[in-house]
Amino acid sequence: MGEEVDQQEFSRADRTRHREKVRRNLDVFARMLREAAFDTDDPMTGLEMELNLIDDAGDPALKNAEVLEAIADPDFQTELGQFNIEINVAPAKLREGGLSEFEQSLRRSLNDAEEKGSQVGAHQVMIGILPTLAEGHMTVSSLSSNPRYKLLSEQILAARGEDITISISGRERLTTTADSIVPEAACTSTQFHVQTSPDQFAAHWNAAQAIAGVQLAVSANSPYLLGKELWRETRIPLFEQATDTRSEELKAQGVRPRVWFGERWITSVFDLFEENVRYFPALLPVTDDEDPLEVLESGGTPALHELKLHNGTIYRWNRPVYDISQGMPHLRVENRLLAAGPTVADTIANAALWFGLVRYLVESERPLWSQMSFSAAEENFHVAAQMGVDAQVYWPGLGQVRATELVLRRLLPMAHAGLESWGVPSEERDRYLGIIEQRCQSEASGAGWFVDRVHERGGVDRYDALRATLLDYRDRMHSNEPVHTWD
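Here goes a summary of the coordinates provided. Keep in mind the model is a prediction, meaning the values are calculated, not measured.

Right, let's talk about the pattern of salt bridges for a bit. Side-chain pairing between opposite charges can occur once the charged atoms of the two side chains come close. On inspection of all chains with the given rule, the structure shows 36 salt bridges. Arg235 is the salt-bridge partner of Glu233, the closest N and O atoms lying 3.0 Å from each other. Judged by its relative accessible area of 0%, Glu233 is buried. The residue Asp472 makes a salt bridge to Arg476 at a minimum N-O spacing of 2.9 Å. Of this pair, Asp472 and Arg476 both sit in helix α18 (residues 462–479), four residues apart, which is roughly one turn of the helix.

As structure tokens, then:
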């Protein structure tokens, strides 16, 4: 969500007042896009990572409060489940060695946090879904103590009017229900941020949407949920279902889901915020005292609290972000569709591919999104989530092509050129994109490695196999040797 809220109840009047305020925020935002100066001179990039916590046996450790107290570092934050934490990495400029700085900073922080967390019996794991989660963990008691999480859970369940149903068919089938949004806590991700100007925002978002399928195919790392082998990136259907406020009847009516790929290419960042306001009722109708128009006309920068809070409860895979830094407003695209890991090196390689491809496509004379339908991009996304490196995706001029082959033949040169435009040093480009190249050549992934090792332990209980494999995975994760080098 990104915003702190207190536990409370909301009246009908609260919701009416909030809707009016959100619409006033939107009007002011539109005026700012026309008139205000946004911070765009030297764009920053950023990275956040959500982590899982396990005990010495490989089972979930519901100890995030104790771990955060032990770490005592403001860069680490609570997350939805007691078995999650998040780290926010300081923004960086790619031309100043930002990719290497991300890797070094992450490794320093995570190693320090691991040492301190282990003293309270908890260890960090970078993986999209903790494979050893069991039905017993899917209860409201597993939510973190922060009141915003309980409030959000209550509001989603109230909007839905019934328990949440999770039904995923992959290599095996899972059907279960939950009386809270705890299944959402099973989904941990890495988020990449890129700052952009209002004029260039649409191109950045469209580019991110167009490559989402390929990005997911070569980075999948969430093959198990509640003991079942499902999709290679099971986070995608799980997250879509775990925060779905729609009843079956509303789905049949075509009401849009809150976890949303979108439905069209855009021409402005305003399109996305306007869709948020037009299509989605507020989950957390908290209203601030700020008069955004008064602030703007007095020469200030309005915080637009309600617009931001509402945006934080609509879970686009590429989310628009409005924020303020040192009194200046800025815009970012937040890429939210990848799992963390398997190693820090793999994660930064994924970042290099994304930053490079987006930059190249934004600067291309003929936009990629003018050559493919939005529905093709969405289909690529879900096929890639299901199949991982085995996915066949659509690409203009090629038709259906294996995702790994597409990356090797077409996209890696584009990513190199894009990173060069960012000013990324050649040794960094070669290191991180070389990891992607080797991963594609060997058709390796975190998901594939994990599944293969569990299958090798096929003669034992499934959860025993998952625990043993997860502990092996954790040891290799700490080596920082990319997953394509794992045997």
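We now examine the pairing of strand β14 (residues 392–395). The two faces of β14 differ: Val393 and Trp395 on one face are buried, but Gln392 and Tyr394 on the other face are not. Sheet analysis places β14 next to strand β15 (residues 399–402), joined by four bridges and oriented antiparallel. Bridged to Gln392 within β15 is Arg402.

Moving on, we come to the packing of aromatic side chains. By the definition in use, this model includes 21 aromatic pairs. Between the aromatic rings of Trp205 and Phe374, the centroid separation amounts to 6.4 Å while the plane-to-plane angle is 15°, which identifies the pairing as stacked. Remark: Phe374 occurs in helix α14 (residues 374–387) and Trp205 occurs in helix α6 (residues 198–210); sequence separation between them is 169 residues. Take Trp205 and Phe374: they sit in the same class, and that class is buried. Clustering of aromatic rings is evident, with ring pairs tying together Trp205, Phe239, Phe261, Trp265, Tyr315, Trp317, Phe374 and Phe381. Arg256 extends its terminal NZ or CZ atom over the ring of Tyr279, reaching a point 3.6 Å from the ring centre. When the ring centre of Trp422 is taken as reference, the NZ or CZ atom of Arg359 above it lies at 4.7 Å.

Bringing the environment of Thr176 into the picture now. Here Thr176 lies in strand β6 (residues 173–178). Judged by relative accessible area, Thr176 falls into the buried class, the value being 13%. If we skip the residues at most four places from it in the chain, Thr176 touches Glu135, Ile164, Thr165, Ile166 and Leu226. A distance of 3.1 Å separates polar atoms of two side chains, one belonging to Thr176 and the other to Glu135.

Calculation rules
The numbering scheme is per chain: residues are counted from 1 as the chain's sequence reads. In keeping with the predicted nature of the model, local features appear solely for residues at pLDDT of at least 70, side-chain atom pairs appear and are counted solely at 80 or more, and the whole-chain, interface and lining totals rest on all residues. Side-chain numbers come from the whole structure's heavy atoms, not from hydrogens or water. When a carboxyl oxygen of Asp or Glu is within 4 Å of a side-chain nitrogen of Lys or Arg, the pair counts as a salt bridge. Burial status follows relative accessibility: with a 1.4 Å probe on protein chains alone, a residue under 20% of its type maximum counts as buried, one over 50% as exposed, and anything between as partly exposed. Strands are runs of DSSP state E lasting at least 2 residues, helices are runs of H or I lasting at least 4, and numbering of each runs from the N terminus. Strands qualify as paired when DSSP identifies two bridges or more between them. Aromatic pairs are defined between Phe, Tyr and Trp rings, using the six-membered ring for Trp, whenever the two ring centres lie within 6.5 Å; interplanar angles under 30 degrees are classed as stacked, those over 60 as edge-to-face, and all others as tilted. In this scheme, Lys NZ or Arg CZ marks a charge over a ring once it lies within 6 Å of the ring centre and within 35 degrees of the ring normal. Contacts are assigned to residue pairs with any non-hydrogen atoms lying within 4.5 Å of each other. Under this definition, polar contacts are N or O atom pairs within 3.5 Å; protein pairs additionally need one hydrogen-donor-capable and one acceptor-capable atom, and for neighbouring residues in sequence, both atoms have to be side-chain atoms.

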